[in-house]
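One-letter residues, chain by chain:
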Amino acid sequence: KAGVTQTPRYLIKTRGQQVTLSCSPISGHRSVSWYQQTPGQGLQFLFEYFSETQRNKGNFPGRFSGRQFSNSRSEMNVSTLELGDSALYLCASSLNLGAQETQYFGPGTRLLVL
Amino acid sequence: AQSVTQLDSQVPVFEEAPVELRCNYSSSVSVYLFWYVQYPNQGLQLLLKYLSGSTLVESINGFEAEFNKSQTSFHLRKPSVHISDTAEYFCAVSHQGGSEKLVFGKGTKLTVNP
């Protein structure tokens, strides 16, 4: 079974632009979560989606948004990019919703904002 | 709210030596506990998790962790490390009865030297 895939793997943008990142979960997985990883703040939770509904949201500004499609694929969007948005964005999928579920992570999208 | 503290940011050891990576958590509710490993330029992989039952959990590659409720700890151990264990290790918790949101520690970089 193929793992979680994320596209693109690398991205360079300039301040003020917007970006859309894509995540395809493991086949059959219905839950998708997003995390931001930076050297300073570590791994921080962004959002969680299940059945096309956002179930939980982390403490990030409204510039960060996401959605999930009927095939469980998910996208996240960051508008009006700031230098501090430079990070590795990780997507994780799990079979069902629940705190005990194992989350399987993709390789991430590395975003550099200049 | 939950928080996770990984007491050592870097742990250098020699090959075949034992290692312990420390993790303490703080939470007002019951939690599930996880250890993830991240190799360079890759996403996170689940190493092991504690949901309930025996407080000692093991992974397939020789790591083990013990849940200690009184000390709110979940330290990771391996009796004999290999060069290939060089990676960053993250301890994480999720809130029982809550969403899948993982709260991560800052990570411990394990370097195994020959």
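Residues take numbers from 1 onward in each chain, read along the sequence in its written order. Starting at A for chains and at 1 for ligands, labels are handed out in the order in which the entities are written. With pLDDT at 70 or above as the cut-off, local features in this predicted model cover only qualifying residues; side-chain atom pairs require 80 or more to be listed or tallied, and sums for whole chains, interfaces and linings still use all residues. To get the side-chain values, all heavy atoms of the structure are used, and hydrogens and water are removed first.

**Q** Would you mind going over unusual backbone geometry with me for this structure?
**A** Trans peptide bonds make up most of the peptide bonds, and negative phi angles are found at most residues other than glycine. Residue and element names in this part refer to chain A. The peptide bond linking Thr-7 to Pro-8 adopts the cis configuration, its omega dihedral lying at -15 degrees. The helix count covers DSSP runs of H or I at least four residues long, the strand count covers runs of E at least two residues long, and both are numbered beginning at the N terminus. When you line up the elements, Pro-8 lands in the loop between strand S1 (5–7) and strand S2 (10–13). We note that Ser-51 has phi near 50 degrees; this positive angle belongs to a residue other than glycine. Mapped onto the fold, Ser-51 is located in the loop between strand S5 (42–50) and strand S6 (53–57). Per-residue accessibility, obtained with a 1.4 Å probe over protein chains only, is compared with the maximum for each type, and a residue is labelled buried under 20%, exposed over 50%, and partly exposed between these values. Overall, the relative accessible area of 40% leaves Ser-51 in the partly exposed class.

**Q** Help me understand the nonpolar core, please; the structure alone is not making it clear to me.
**A** The definition of a nonpolar core used throughout is a set of buried Ala, Val, Leu, Ile, Met, Phe, Trp, Tyr and Cys residues joined through side-chain atoms within 4.5 Å. Grouped together as the largest cluster of nonpolar side chains are 28 residues, with contacts concentrated most on B:Leu33, B:Trp35, B:Leu47, B:Leu48, B:Phe74, B:Leu76 and B:Tyr89. Counting residues in each nonpolar core, the second largest holds 21 residues, with A:Leu11, A:Leu21, A:Trp34 and A:Tyr89 among its members.

**Q** For this particular structure, what's the right way to read the pairing of strand S9 (residues 73–78) of chain B?
**A** The two faces of a sheet get side chains in turn, since along a regular strand they alternate between them. Residues and elements named next belong to chain B. In terms of burial, S9 is a largely internal element, five of the six residues being buried. Pairing of strand S3 (residues 19–21) with S9, which is carried by three bridges, proceeds in the antiparallel orientation. Its bridge partner lying in S9, Val-19 is registered against Lys-78. Here strand S8 (residues 64–68) pairs with S9 via five bridges, running antiparallel. In the sheet register, Glu-64 faces S9, and the bridge partner there is Arg-77. Note on pairing: DSSP must find at least two bridges between two strands before they are called paired.

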